[in-house]
Amino acid sequence: MTIPCFHKKSFQERLRIVRKRAGLTKREEEVLLRPDRFVKAADCMVENLLGVTPVPLGVATNFVVNGKERLVPMAIEECSVIAAASNGAKLALPEGFRAKSSGSVMIGQVQVVGAGRNAARDLLKAKDRLLSEANCRESTIVKLGGGAKDAQVRVLENGHVVVHLLVDVLDSMGANSVNSMVERIAPLVQDISGGRVRSRIVSNLAVERLCTASAVWRKEALLESFHGEAKGSAEEIVDAILDVYEFALYDPFRAATHNKGIMNGIDAVALATGNDWRAVEAGAHAFAAISGRYMPLTKYWKDDVGDLYGEASLPLPLATIGKSISANPSAMAALKIMGVASSAELSETAACVGLAQNLAALRVLATEGIQKGHMKLYARKACPPARKNRA
Ligand code: MEV
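So, how was this worked out
Residues numbered from 1 in each chain as written. Predicted model: local features only at pLDDT ≥ 70, side-chain atom pairs only at ≥ 80, totals over all residues. Heavy atoms only, no water. Salt bridge = Lys/Arg side-chain N within 4 Å of Asp/Glu carboxyl O. Helix = DSSP H or I, 4+ residues; strand = E, 2+ residues; numbered from the N terminus. Buried < 20%, exposed > 50% of the residue type's maximum accessible area, 1.4 Å probe, protein only. Near = heavy atom within 4 Å. Polar contact = N/O pair within 3.5 Å; in protein donor to acceptor, adjacent residues only side chain to side chain. Areas by Shrake-Rupley, 256 points an atom, 1.4 Å probe, with all protein chains shown as cover. Nonpolar A, V, L, I, M, F, W, Y, C, P; charged D, E, K, R; others polar. Pairing = 2+ DSSP bridges. Axes fitted to C-alpha atoms, helices over the stretch in contact; angles between N-to-C directions. Arc of directions from axis to C-beta. Domains from an automatic or database assignment. Contact = heavy atoms within 4.5 Å. Expected span 1.5 Å × (residues − 1). Phe/Tyr/Trp six-rings, centres within 6.5 Å; stacked < 30°, edge-to-face > 60°. Lys NZ or Arg CZ within 6 Å of the ring centre and 35° of its normal.

## Focus: the pattern of salt bridges
Part 1: Within this structure, the stated rule accounts for 16 salt bridges.
Part 2: The partner of Arg16 in a salt bridge is Glu13, with the nearest N and O atoms 3.2 Å apart. Here Arg16 pairs with Glu13, and both are found in helix H1 (residues 11-22), just three residues apart, close to one helical turn.
Part 3: Exposure remark for Glu13: the relative accessible area of 27% places this residue in the partly exposed category.
Part 4: Measuring nitrogen to oxygen at the nearest pair gives 3.1 Å for the salt bridge that ties Asp122 to Arg121.
Part 5: Classification of Asp122 as partly exposed rests on a relative accessible area of 25%.

## Structural notes on the site of the ligand
Part 1: Neighbouring the ligand are Glu78, Arg254, Thr257, His258, Lys260, Gly261, Asn264, Ala361, Leu365 and Ile370.
Part 2: Here Glu78 contributes a side-chain N or O atom positioned 2.6 Å from an oxygen atom of the ligand.
Part 3: In this structure, an oxygen atom belonging to the ligand sits 2.8 Å away from a side-chain N or O atom of Arg254.
Part 4: Its free accessible area being 300 Å², the ligand has 82% of it covered by the protein chains.
Part 5: Where the shell around the ligand is concerned, the elements lending two or more residues are helix H11 (252-272) and helix H15 (343-365).
Part 6: The element best represented in the shell around the ligand is H11, accounting for six residues.
Part 7: Looking at the shell around the ligand residue by residue, the classes come out as three nonpolar, four polar and three charged.

## Thoughts on the sheet that holds strand S8 (residues 210-217)
Part 1: Spatially, four strands are ordered S3-S8-S10-S9 in an open sheet, and the strand pairing comes out antiparallel. Sheet topology places strand S3 (98-101) and strand S9 (298-302) at the edges, where each strand pairs with a single neighbour. Mean inter-strand twist for the sheet, computed between neighbouring axes without regard to direction, equals 15 degrees.
Part 2: Where S3 lies against S8, four bridges are found, and the strand directions are antiparallel. Residue Arg98 lies in a different strand from S8, and its bridge partner there is Ser214.

## Some details on helix H4 (residues 81-90)
Residues lying three or four places apart along an α-helix face the same way, a consequence of the helix completing one turn every 3.6 residues.
Part 1: Along H4, the residues that are buried comprise Val81, Ala85, Ser86, Gly88 and Ala89. What you see down the axis of H4 is that its buried residues fit within an arc of 165 degrees, all on one side.

## Quick notes on the domain arrangement of the chain
Part 1: Here the chain is partitioned into domain 1 (6-101 + 209-381) and domain 2 (105-202).
Part 2: Each of domain 1 and domain 2 was reduced to a C-alpha centroid, and the two centroids are 34 Å apart.
Part 3: Remark: the boundary between domain 1 and domain 2 carries zero salt bridges.
Part 4: Classifying every residue of the side of domain 1 that touches domain 2 by side-chain character gives five nonpolar, three polar and two charged.

## With respect to the sheet that holds strand S4 (residues 105-113)
Part 1: Judged by pairing direction, the sheet is antiparallel, and its four strands sit side by side in the order S5-S6-S4-S7 without closing on themselves. The strands lining the two open edges of the sheet, one partner per strand, are strand S5 (147-155) and strand S7 (196-203). Shown here is a sheet whose adjacent strand axes are inclined to one another by a mean of 20 degrees, direction ignored.
Part 2: In this structure, S5 lies alongside strand S6 (residues 161-168), joined through eight bridges in antiparallel fashion. Across the sheet, residue Ala151 finds its bridge partner in S6, namely Leu165.
Part 3: Docked against the sheet, helix H6 (residues 127-134) engages S5 and S6, running at close to 135 degrees with respect to S5.
Part 4: Docked against the sheet, helix H8 (residues 175-193) engages S4, S5, S6 and S7, running at close to 155 degrees with respect to S7.

## Re the pairing of S8
In the case of a regular strand, side chains alternate between the two sheet surfaces.
Part 1: Among the eight residues of S8, six are classified as buried, and the element is accordingly described as predominantly covered.
Part 2: In terms of strand pairing, S8 meets strand S10 (residues 308-315) through eight bridges, oriented antiparallel. The partner of Cys211 across the bridge, within S10, is Leu314.

## Structural notes on the environment of Pro54
Part 1: Positionally, Pro54 belongs in the loop between helix H3 (39-45) and strand S1 (57-65).
Part 2: Judged by relative accessible area, Pro54 falls into the exposed class, the value being 61%.
Part 3: The spacing of Pro54 and Glu345 is 291 residues in sequence and 27 Å in space, taken between C-alpha atoms.

## Considering H15
Part 1: Along its 23 residues, H15 runs 33 Å from first to last C-alpha, staying within 8% of the 33 Å computed at 1.5 Å per residue.
Part 2: The buried fraction of H15 is high, at 19 of 23 residues.

## Some points on the packing of aromatic side chains
Part 1: In total, this model carries four aromatic pairs according to the counting rule given.
Part 2: Both rings, one in Phe63 and one in Phe97, keep their centres 5.5 Å apart while their planes meet at 15 degrees; by these two values the pair is stacked. Here the residue Phe63 occupies a position in strand S1, and Phe97 occupies one in the loop between H4 and S3, the gap between them amounting to 34 residues.
Part 3: A relative accessible area of 0% places Phe63 in the buried class.
Part 4: Residue class for Phe97 comes out buried when judged on its relative accessible area of 1%.
Part 5: With centroids separated by 6.1 Å and ring planes inclined at 75 degrees, the aromatic side chains of Phe97 and Trp217 adopt a geometry described as edge-to-face. In this pair, Phe97 sits in the loop between H4 and S3 while Trp217 sits in strand S8, placing the two residues 120 residues apart along the sequence.
Part 6: Its end group placed over the ring of Trp277, Arg278 keeps NZ or CZ at 5.3 Å from the ring centre.
Part 7: We note Arg363 situated over the ring of Phe226; from NZ or CZ to the ring centre the distance is 4.1 Å.

Take a look at the structure:
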């Protein structure tokens with residue numbers, strides 16, 4: 001959502017604007033400001049609760065995703081991430097981002113050791129039995145049209161046989177449903193394979209839940225963003241950004257940092273909306289290495305008029321429903337601020353944030369360097385000096 005000079009407004013003014021735009025109730029606004037209200041719910045979520053830890057919650061502006069303006073709540077302690085995302089998104093205006101997702105299918109794995117020679121063939125033949133066993137209990141996901149949809153079998157180099165159960169988890173993250181299903185089919189898998197079932201759990205390499213976001217950054221917009229202080233022409237800025245991108249393509253040391261920048265944005269959205277950001281992180285980095293070599297999660301090239309085309313593609317199992325989301329009033333308020341109606345919309349928007357974040361980082365790395373912007377933000381915020389913890 002584009003709100004002119006949002007970052008220059010006072011805290012109260014920013015809150016008023018967001019409350020009005022998102023239609024937040026007084027209560028929803030309060031939960032953003034009073035994390036201690038969450039203590040009772042938190043005590044039901046984890047063991048040995050001592051309190052709740054505040055993480056700054058900000059909102060990124062300028063996001064237009066598939067033609068729709070969105071405010072994007074981000075929970076993160078790192079200075080300049082929200083500013084960078086908003087800036088990367090602003091430079092892609094007025095068109096903004098295109099985003100799509102491949103569906104909401106998670107993979108559950110059943111590992112079999114010591115299986116018979118024909119185990120893979122026999123398991124595949126029994127696919128329908130496996131699916132009906134997985135879906136047999138009346139789970140909410142099955143009632144709503146989701147559930148196990150397919151089964152695949154892999155044989156690993158060490159001879160272990162692995163059954164993949166493909167489960168449509170709809171708008172949930174799905175780990176619990178998938179784990180229940182793979183545990184349920186395990187005895188049948190053991191019978192059919194003639195081996196012993198060991199591990200039965202969801203895979204975080206969610207390749208059936210991929211999101212792709214793309215945008216075009218006009219070279220003139222990139223040049224103008226330096227307000228007359230750019231050292232080169234628009235074409236040179238695009239070329240310099242492509243050079244920095246190419247560095248990540250050829251060097252895993254750089255690719256790790258490149259992808260860390262992308263995940264700065266995506267994790268912050270995941271955390272703000274009560275999602276399992278560790279699952280997202282694990283899947284993203286495994287996906288980055290899926291070719292056998294660790295690669296950047298984004299791609300860039302020059303289009304036929306010399307503008308910069310960028311694309312981010314990664315597994316994004318972000319949920320809009322689930323116990324840890326509905327128990328967390330601030331996550332519910334964040335989803336309302338974002339105005340997303342489904343897991344697909346949330347994940348697609350998060351992918352756009354990752355791409356915007358990455359473009360913003362490449363833009364400064366290719367030109368003035370990262371520290372100038374950081375220092376400007378520190379100065380503006382007048383952050384207190386770091387203090388030592390007294391033991
Ligand atoms: C810092 O948290 C993230 C960056 O290092 C990302 C990058 O280098 O691409 C700025």
